[in-house]
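Tertiary structure, described
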Amino acid sequence: MLKDITLGQFFPGETIVHRLDPRMKLILMITYITALFLASGIYAYLFMFAILVTCLTISKIKPRAVLKGLRPIFIIIILTVILNIFFIRGETILFEWRFIVITLEGLQTAAFMASRLMMLIVSTFLLTYTTSPIALTDAIERLLGPLKKIKLPIHEFAMMMSIALRFIPTLIEETDKIISAQRSRGADFETGGIVKKAKAVLPIIVPLFISAFRRADELATAMESRCYHGDEGRTRMKVLKATPKDYAALLAGAAVVAVVIFLR
C-alpha cells in the first residue's frame, strides 16, 4: 500500500506540459480546481474529465501511475459515496426500509462528489508528476514574491514545501523497509484488536522518526557546507520566463472556466 503513494514523485519528460512555466502550471491547477467546484451537472463534469484526460495524455503520464496514486484514497472516496447516498434526502425515493432511505438525488450527489474528489487529486498529481521540486519551489516563491514587502518569509516557506514534497517518496520507502524488517523479526501488524494494532505501530514510528531527524540533520549540514544563507544574495541558474505557449495555456484555462459557468 505504501508503494502506491506517488505524491511528490517527478516523471521527467519533454512534453508540452513538462515545458510549461511552473508558475503557469500552478495557476492552471488552481483554475482547474476552481472550475471543478463551479461545475454542476453531468455535462460539466464530463467536460472537466475530458480536460483532465487530455492533459494526462499530452503529458504521457501512464494511467497505471495515476491509478496507483488513487488507490490509497479509495477508502475516503467510498466513505464519501456512502455518506452522500444515505444522508442526502430527495423527492425520488428508490429504496426505503425502516430508517434507510436511498434517493435518486443522493445517488447523483454521491457520484458527483466522488468524481470531483478524484479529479481534484489527479490534477494535483499532474502538477507534481510534470514539475521538478526545484522548479516548483521557484514558482511558489515568484508567485508569492509581493508578500516579501510585508516581511513574510516567502523563500523559507517555498523551500519548506519543496523539501516536504521531495522527502515524501523517501519517507515512504523508509517506512516500507522498516515494516519489512519488523516482519522479518516476527512482528504482526494485521491481527488483533485496535489496541494491539496501535501498539504494533510503535516499532515503526520510533525508527521512522529517528531516521527523519537524522536525514534532516544531514540536509542542514549539507546546506550549511554549501554556504546556504536563505534568500539573501541568491541567484538562480535557470530564470523563469513566460513564453507565448504559457499565455496560451492561461487563456485555455480561462476558457475552461467560462465553459463550466455556461454549462451551469
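From a predicted model like this one, the values you see are computed outputs, not experimental measurements.

**Some words on helix 2 (residues 22-38)**
Taking 1.5 Å as the rise per residue, helix 2 with 17 residues should run 24 Å; its terminal C-alpha atoms sit 24 Å apart, in good agreement. Listing the buried residues of helix 2 in full gives P22, R23, M24, K25, L26, L28, M29, Y32, I33, A35 and L36. Where helix 2 is buried, its residues meet helix 1 (16-19), helix 3 (42-59), helix 6 (104-130), helix 7 (133-143) and helix 10 (244-263).

**Description of the packing of aromatic side chains**
One pass over the full model with this rule turns up four aromatic pairs. Their ring planes at 10 degrees and their centres at 4.8 Å tell us that Y45 and F112 sit as a pair that is stacked. Of this pair, Y45 sits in helix 3 while F112 sits in helix 6, placing them 67 residues apart in sequence. Here the aromatic residues F11, F125 and Y129 are joined through ring pairs into a cluster of three or more.

**Here we look at the layout of surface pockets**
What the second largest pocket holds in volume is close to 610 Å³. Looking at the second largest pocket, it is lined by 23 residues, and the ones nearest its centre are L20, L28, I51, C55 and A249. A per-element tally of the lining of the second largest pocket places helix 10 first, with six residues. Looking at the lining of the second largest pocket residue by residue, the classes come out as 16 nonpolar, five polar and two charged.

Here is what the cut-offs are and how they apply
Residues numbered from 1 in each chain as written. Predicted model: local features only at pLDDT ≥ 70, side-chain atom pairs only at ≥ 80, totals over all residues. Heavy atoms only, no water. Helix = DSSP H or I, 4+ residues; strand = E, 2+ residues; numbered from the N terminus. Expected span 1.5 Å × (residues − 1). Buried < 20%, exposed > 50% of the residue type's maximum accessible area, 1.4 Å probe, protein only. Contact = heavy atoms within 4.5 Å. Phe/Tyr/Trp six-rings, centres within 6.5 Å; stacked < 30°, edge-to-face > 60°. 1 Å grid on protein atoms, 1.4 Å probe; cavity = no way out; pocket = protein on both sides within 12 Å on 5 of 7 lines; lining within 4 Å. Points joined across faces, edges and corners; volume = space filled by probe spheres on them. Nonpolar A, V, L, I, M, F, W, Y, C, P; charged D, E, K, R; others polar.

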